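Commentary on secondary and tertiary structure
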Amino acid sequence: MDQRLQQDILYMEEALREAAKAQAAGEVPVGAVVVRDGNVVGRGHNRNLLDNDPTAHAEVVAMRAAGAAIGNHRLLGCELYVTIEPCAMCAGAMTHARIRRLIYGADDPKAGAVHSVMTVLNAPELNHKVEVAWGVLGGRCAEMMQAFFRERRGNAE
């Protein structure tokens, strides 16, 4: 296994730990971490319900923390690890933040804005391009989401 993949797995594990925090709080289990120069500079998990904030997606929470930690709204040289394919809002925020690389676990066939439903990230008209890798621990990331929604549907019946 090459060093980059080992690193991607290590940080995706961190994102999964963040997703577990969201799940424990009754939120959709999505987690994210921002890494710069081998150090985690921002962490986040979905907090929409906790914060009564429609923008409190894991990616946005992690990028806000990273911006505060490094003292800049531009997250130059940063990598964002997230358990599921980002939505349009998060993809737009990554572009504005100038994230260097996005690594995500599972595709989102309902709202993914990297390639599943639409292409917001790396749209040809945009001036910033983000390197993308996906499928890192994808089975575990997908299972966490599926289990959450299975349980939720089971409780609604």
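Residues numbered from 1 in each chain as written. Predicted model: local features only at pLDDT ≥ 70, side-chain atom pairs only at ≥ 80, totals over all residues. Heavy atoms only, no water.

1. What about the packing of aromatic side chains?
Scanning all chains against the criterion turns up 3 aromatic pairs. Look at Tyr104 and Trp134: their rings are 6.3 Å apart centre to centre, the planes differ by 15°, and that puts the pair in the stacked class. In this pair, Tyr104 is assigned in strand S4 (residues 101-106) and Trp134 in strand S5 (residues 131-134), connecting sequence segments 30 residues apart. Using a relative accessible area of 0% as the deciding quantity, one classes Tyr104 as buried. Residues Phe148 and Phe149 carry aromatic rings whose centres are separated by 5.0 Å and whose planes lie at 85° to one another, so their mutual orientation is edge-to-face. In this structure Phe148 comes out as buried when scored by relative accessible area, which is 8%. (Phe/Tyr/Trp six-rings, centres within 6.5 Å; stacked < 30°, edge-to-face > 60°. Helix = DSSP H or I, 4+ residues; strand = E, 2+ residues; numbered from the N terminus. Buried < 20%, exposed > 50% of the residue type's maximum accessible area, 1.4 Å probe, protein only.)

2. Some words on the environment of His57
Tracing the sequence through the fold places His57 in the loop between helix H2 (48-51) and helix H3 (58-70). In this structure, the C-alpha to C-alpha distance between His57 and Val28, residues 29 residues apart in sequence, is 9.4 Å. Those residues in contact with His57 that sit more than four places away from it in its chain are Asn46, Asn48, Cys87, Met89 and Cys90. (Contact = heavy atoms within 4.5 Å.)

3. Quick word on helix H4 (residues 88-97)
For an α-helix, the turn length of 3.6 residues means that residues three or four places apart are oriented alike. Within H4, the full set of buried residues consists of Cys90, Ala91, Met94, Thr95 and Ala97. Projected down its long axis, H4 carries its buried residues within an arc of 170°, all on one side. Considering only its buried residues, H4 is in contact with H3, strand S3 (78-84) and S4. Just beyond H4, the residue with positive phi is Arg98, at close to 65°. (Arc of directions from axis to C-beta.)

4. A look at the pairing of strand S1 (residues 31-36)
Of all 6 residues that make up S1, 5 are buried, and the element is covered over most of its length. Pairing geometry for S1 and strand S2 (residues 39-45), over 6 bridges, is antiparallel. Residue pairing across strands places Gly31 opposite His45, the latter belonging to S2. Here S1 folds back onto S2, and the loop between the two strands holds 2 residues, one of which, Asp37, carries a positive phi near 50°. With 5 bridges joining them, S1 and S3 adopt antiparallel strand pairing. (Pairing = 2+ DSSP bridges.)

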